[in-house]
Amino acid sequence: MLHGVLLLTGVTGRDVLGPDGRVLGRLADLTVRLSDQAGPQVVERLVVTRRRSPTLVLPWAVVANVGSDQVVLTVGAAEVAGFEVDSLAQALASDEILLRRDVLDTQIVDVVGQRLARVADVLFVSTADGRLELLGAEVGFGAVLRRLGLGRLGLGRVIPGLGDDVVAWSDLHLTSDRGHLVQLATPRAAVHRLDAAGLAALVSRVDTDAATEILAARDPGMAAEAVRAAHPDVGERMLRAMPDATAARIVAAMAAEHAEPWRHRLALAPRLFGRRVVRSRVWPHRRHLIRGPRR
Amino acid sequence: MILQKRRARFAALLVVVGPGLLAGLSDDDPAGITTYSVLGADHGYQLLWVLLLSTVALVIFHGLAARMGVVTGQGLIGLVRQRYGVGVGGAVLAALVVANIGTTCAEFAGIAAGFELFGISRYISVPAAAVIVSLLVLRGSFHRVERLLLLLSTVFLAYIASGFMAGPDWGAALHGTFVPTMPMTGEAIAIVTATLGTTLAPWGLSFMQSYAVDKKLRIEDLKLERVDVITGAVLTGVIGFFVVVACAATLHRDGLHITDAADAARALEPLAGKAAGTLFAIGLIGAAFLAASILPLSTAYSVCEYAGVEAAIDDPYTEARTFYMTYGIVTLIGATIVLAPDVPLVTILVGTQVLNAVLLVPLLLAMVGLGRDRDLMGSFATGRAGTLVYGSTTLVVVVCVITLGVTTVLT
């Protein structure tokens, strides 16, 4: 583990105190906005739960310091009342995700390593101006053992693959429903930087609907290249799942010698029994709405 | 035109069929057949209604497992980790792995007992079975594995034939199925709980969900998947029904008691003819083979789901080491325990049944909670009416487990 790195599972669960030392609640979650702004991704807001009182969603600006077992705010009980929310879902901005709910313990695609993994922890580093900068997602089983209190066994040094394994935040695609949709809508997300080969590897690891959404988010030329780079069965599955006009646009963007065989293939009746040979491991589609504007 | 549509629909059904049938039928494993045999031999047709209840519970929870797998694209243990954290997920996984290894022992013990009825030593049958089931999954593609397992499950027809040959009293059988009566003895409570517990097994639930994910079923497949689930559950109930009927018509009539399914096969021969006993033994071997293939598979899926590594039957060994290693280790331990001379096999099997029954309660509660979670299930989340149905079924299981615990302590 890097020195000075903070962990999501270590930060959340701490008591949140006012400047007078009074406990205001417990830190339940942190949010980030996957916006298109340049620069590092930083924690945007804190979700603080309280007994028998509405949840608070506070901007990071009210944090005075993050101690070893508590988070101290610059505002007291009276001021935080203005940050109460009735519904957490409605309080989130359209590009905002919750790190515990939408990232921790969910599956991600490491677009560089071209693999599927489950997030064991989220790593931050404290910046000079007191903010928390997002570094990446820890995916090794060693982190799971650490969370279970078994980290001291030192199995990571003995068993290969149990050591630290971190995927940079810029190199992952979230598969939680909200994470996937928000990343699709965010031009700086990894999914928008991938070349044809990388895109083919990503769409081969997500479900058909998610794959077609990813292709639809790129221009037809790049989508056509990705279809050609993927396994033919994956390409066929995606093109068949798209509206005819979209599929036709992607095929038309191919060079003539490639477009013609694809048109011929798509004109044939789908092979029912061959449908499953594609290398798509996960996530048939879940349609959740990204709820309303920020309060 | 109508014929073409029907053909297309039937073809689509054939594509989807698999998870429900395999998860359901593998519940009729040697432990299940033993329980049904004892139910029929000791109580005749009277407790057949328990099978109807179990089948309904199976439809309800296997349907939920399939829906959760299809909608979230994740297996049960992965979802438990995602929603309840690594602690709860780890505890459930640990209990599931221990229970699954114990149940795998039961399957290999069934293979040993079945072959010994034909004079083949367990030192030949068990290692051979372990190698065959390992090769089946290691070397086969998903489609080949699925088709072979489905083909293997046709051996259950032997029980139906065996039931007919026993010449049962169909009127009494129907009465016992639809009119519930209950002798209030500890023994009867134990067998009712065991029947419910052996039909609705934790490993069956986790297998159902993981397999639906590995099969890459999609939301548009859900309607046909329901047909698969219902067919699998009903067939499971029907096979159980015929096992009970065969034993009720012969062993119960003559006042004979048995302790396991192999006993039942032996006892059936003089009462219902050699063919009935042989068919019963063949059914036992086939059931044990099917479950011995599926138990390690279910465990491997669950371990990989929790650890967050890729797991699919189509993946080569180099890309899914944890998956194949888990499969191999569970198979090896299960087979070795059955062959080891001084291992207390009966204690292990009884302990496994208890662990399975106890584990079922938190697993069902977790499923009800996950099914209601709108963040995970979106518009497919369980509503109030559904929660009532799932909750009531869980309550019945909880009451049965508690009653079994109390009666066990008292006796």
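All figures in this text were calculated on a predicted structure; none of them were measured in a lab.

Another point: the sheet that holds strand β12 (residues 121-126) of chain A. Residue and element names in this part refer to chain A. Strand order in the open sheet formed by 4 strands is β1-β12-β13-β14, with antiparallel pairing between adjacent strands. Only two strands of the sheet have a single neighbouring strand rather than two, namely β1 (5-7) and β14 (166-168). Averaged over all neighbouring strand pairs, the angle between strand axes comes to 40°, with direction disregarded. Across 3 bridges, the pairing between β1 and β12 is antiparallel. For Leu7, the partnering residue across the bridge sits in β12 and is Leu123.

Below, the discussion takes up the pattern of salt bridges. One pass over the full model with this rule turns up 18 salt bridges over all chains. A:Asp95 is paired through a salt bridge with A:Arg33; the nearest N and O atoms lie 2.9 Å apart. Remark: A:Arg33 occurs in strand β3 (residues 23-33) and A:Asp95 occurs in the loop between α3 (88-91) and β9 (96-98); sequence separation between them is 62 residues. When its relative accessible area of 14% is taken as the criterion, A:Asp95 is described as buried. Given a relative accessible area of 26%, A:Arg33 falls into the partly exposed group. Across the pair A:Asp110 and A:Arg115 runs a salt bridge, and its minimum N-O distance is 2.9 Å. Since its relative accessible area comes to 6%, A:Asp110 is described here as buried. Residues joined in a network through salt bridges with shared partners are A:Arg101, A:Asp102 and B:Asp375.

Residue and element names in this part refer to chain B. Take Ser206: it is sitting in helix α11 (residues 202-214). A polar contact is formed between the side chain of Ser206 and the side chain of Ser298, at a distance of 3.2 Å. Not counting chain neighbours up to four residues away, the residues in contact with Ser206 comprise Leu76, Leu96, Ser298 and Ser302.

This paragraph deals with a nonpolar patch on the surface. Residue and element names in this part refer to chain B. A cluster of nonpolar side chains, namely Leu52, Val56, Leu174, Phe178 and Val179, defines an oily patch on the protein surface of about 450 Å² accessible area. Sorting the residues of the nonpolar patch by element identifies α4 (48-72) and α9 (170-178) as the ones contributing at least two each. Positionally, Val56 belongs in helix α4. Its relative accessible area of 45% is what places Val56 among the partly exposed residues.

Residues and elements named next belong to chain B. Running from N to C, helix α8 (residues 157-165) and helix α12 (residues 222-252) cross one another at 35°; their axes reach a closest spacing of 8 Å. For the crossing formed where α8 meets α12, the hand is left-handed. Contacts from Tyr159, Ile160, Ser162, Gly163 and Phe164 of α8 reach α12 at Val238, Ile239, Phe242, Val243, Val245 and Ala246. Partitioned by chemical class, the residues of the contact of α8 with α12 number 9 nonpolar, 2 polar and no charged.

Looking now at the pairing of strand β11 (residues 115-118) of chain A. All names here are of chain A. For strand β10 (residues 107-110) and β11, the ladder comprises 4 bridges, and the chain directions are antiparallel. Within β11, the position partnered with Val109 by the bridge is Leu116. Once β10 ends, the chain turns through 4 residues before running back antiparallel as β11, passing Gln114 with a positive phi of about 50°.

Two residues of an α-helix separated by three or four positions point the same way, owing to the 3.6 residues in each turn. Residue and element names in this part refer to chain B. For helix α6 (residues 122-139), built from 18 residues, the straight-helix expectation of 26 Å at 1.5 Å per residue is met to within 8% by its first-to-last C-alpha distance of 25 Å. For α6, every residue scored as buried is listed here: Ser125, Val126, Ala129, Ala130, Val133, Ser134, Leu136 and Val137. The buried residues of α6 occupy one face: seen down the axis, they fall within an arc of 155°. Facing away from the buried side of α6 by more than 90 degrees, the exposed set consists of Tyr123, Ile124 and Arg139. The distance from a side-chain oxygen at the start of α6 to the backbone nitrogen of Tyr123 is 3.0 Å, and the residue carrying that oxygen is Ser121.

Along the chain, B:Thr394 falls in helix α18 (residues 384-410). With relative accessibility at 3%, the residue B:Thr394 sits in the buried group.

Attention now moves to the packing of helix α3 (residues 30-43) of chain B against α12(B). The relative placement of two packed helices comes down to the angle between their axes together with the axis-to-axis distance. All names here are of chain B. Relative orientation of the contacting elements α3 and α12 amounts to 40°, with a least axis distance of 7 Å. Here α12 runs oblique to α3, going by the angle between their axes. You can see that α3 and α12 cross each other, and the crossing is right-handed. Two secondary-structure elements touch here, α3 through Ile33, Tyr36, Ser37, Leu39, Gly40, Ala41, Asp42 and His43 and α12 through Gly240, Val243, Val244, Cys247, Ala248, Leu251 and His252. Class assignment of the residues belonging to the contact of α3 with α12 gives a composition of 9 nonpolar, 5 polar and 1 charged.

Rules and cut-offs
- Residues numbered from 1 in each chain as written.
- Chains lettered and ligands numbered in written order.
- Predicted model: local features only at pLDDT ≥ 70, side-chain atom pairs only at ≥ 80, totals over all residues.
- Heavy atoms only, no water.
- Pairing = 2+ DSSP bridges.
- Helix = DSSP H or I, 4+ residues; strand = E, 2+ residues; numbered from the N terminus.
- Axes fitted to C-alpha atoms, helices over the stretch in contact; angles between N-to-C directions.
- Salt bridge = Lys/Arg side-chain N within 4 Å of Asp/Glu carboxyl O.
- Buried < 20%, exposed > 50% of the residue type's maximum accessible area, 1.4 Å probe, protein only.
- Polar contact = N/O pair within 3.5 Å; in protein donor to acceptor, adjacent residues only side chain to side chain.
- Contact = heavy atoms within 4.5 Å.
- Patch = residues over 30% accessible without salt bridge, like charges linked within 9 Å, V, L, I, M, F, W, Y side chains within 5 Å.
- Areas by Shrake-Rupley, 256 points an atom, 1.4 Å probe, with all protein chains shown as cover.
- Left-handed = near helix turned anticlockwise from the far one by under 90°.
- Nonpolar A, V, L, I, M, F, W, Y, C, P; charged D, E, K, R; others polar.
- Expected span 1.5 Å × (residues − 1).
- Arc of directions from axis to C-beta.
- Parallel < 35°, antiparallel > 145°, perpendicular 65-115°, else oblique.

Function cannot be inferred from these measures alone, as they are strictly geometric.
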